Structures are given as C-alpha cells and as structure tokens.
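# Summary of the model geometry
One-letter residues, chain by chain:
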Amino acid sequence: MPSTSDSPDEPESRDQRYVTTFDPADERPSEAVVTAVAAVLEAEPETLSPLYDIVDPDALNSLVDHAQRAGTNGTHLIWFTYEGLDVGVRSDGQIRIRDATAAS
C-alpha cells in the first residue's frame, strides 16, 4: 500500500501524496502504476480504465528500462494524469501519486 509522504525534493502544495516503489529490474512500470493507483483508490486493478488510454505502456516501460541501462545519467521522471490522480514515475522505481485537483 502506498504511504503518505512529503518529499523535500519536489516543491508542491500541502496536498496529500502517496509514494510507493517497484523494482525496475523485475517489474514493469506500467503494471506497477495500475497496482499503485488501484491501491490508492481502494479498487481492483481490473476495474480501472486501461492505462493505454492515457499513456503508451510500452513507451513508459521502455523509458524506465532505457534510463536504468544508461546508469548514472540521473533520475528521469514522467508525470501523467490517470483516474483523476497525477502519477509520477521515476526511473529509480518510485511512483508518486497525488490528487490531480489538489495539485494545481
């Protein structure tokens, strides 16, 4: 289950955020996103709208995979809105989730 977190490296309002992690070497980021969003929404993953309606899952997986192989080029981060939540996926295996309406 994602945990509430206030990350000091990202200037944001005081809205509630959730942070969870996945192992980029063993898990596809696209699957981890669906699982994390379902946990935050307290829903079953199969009841969510398809992720591919929002972002290309293969492209997301490739982006994280490429960043992992590139090594020390820093951490890459991509944000998109899914199921009314802003979702940030980092190439180091961190997923950040916040309410899209509270984040603006």
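Above: the structure in question.
To keep things clear, this report deals only with the structure shown in the data block. The structure displayed is predicted, hence computed values, not measured ones.

### Looking at the overall build of the protein
Per the secondary structure count, the protein includes two helices and five strands. Along the protein, helices and strands appear, N-terminal first, in the series β-β-α-α-β-β-β. Residues counted as buried form 38% of the 104 residues belonging to the protein. Relative to all contacts within the protein whose residues are 6 or more apart in sequence, the contacts with residues 24 or more apart total 55%.

### Description of the side chain of arginine 90
With respect to the helices and strands, the residue arginine 90 is situated in strand E4 (residues 85-90). Judged by its relative accessible area of 14%, arginine 90 is buried. Looking at arginine 90, its side chain comes within polar contact range of the side chain of aspartate 92, at 2.5 Å.

The rules behind the values
Residues numbered from 1 in each chain as written. Predicted model: local features only at pLDDT ≥ 70, side-chain atom pairs only at ≥ 80, totals over all residues. Heavy atoms only, no water. Helix = DSSP H or I, 4+ residues; strand = E, 2+ residues; numbered from the N terminus. Buried < 20%, exposed > 50% of the residue type's maximum accessible area, 1.4 Å probe, protein only. Contact = heavy atoms within 4.5 Å. Polar contact = N/O pair within 3.5 Å; in protein donor to acceptor, adjacent residues only side chain to side chain.

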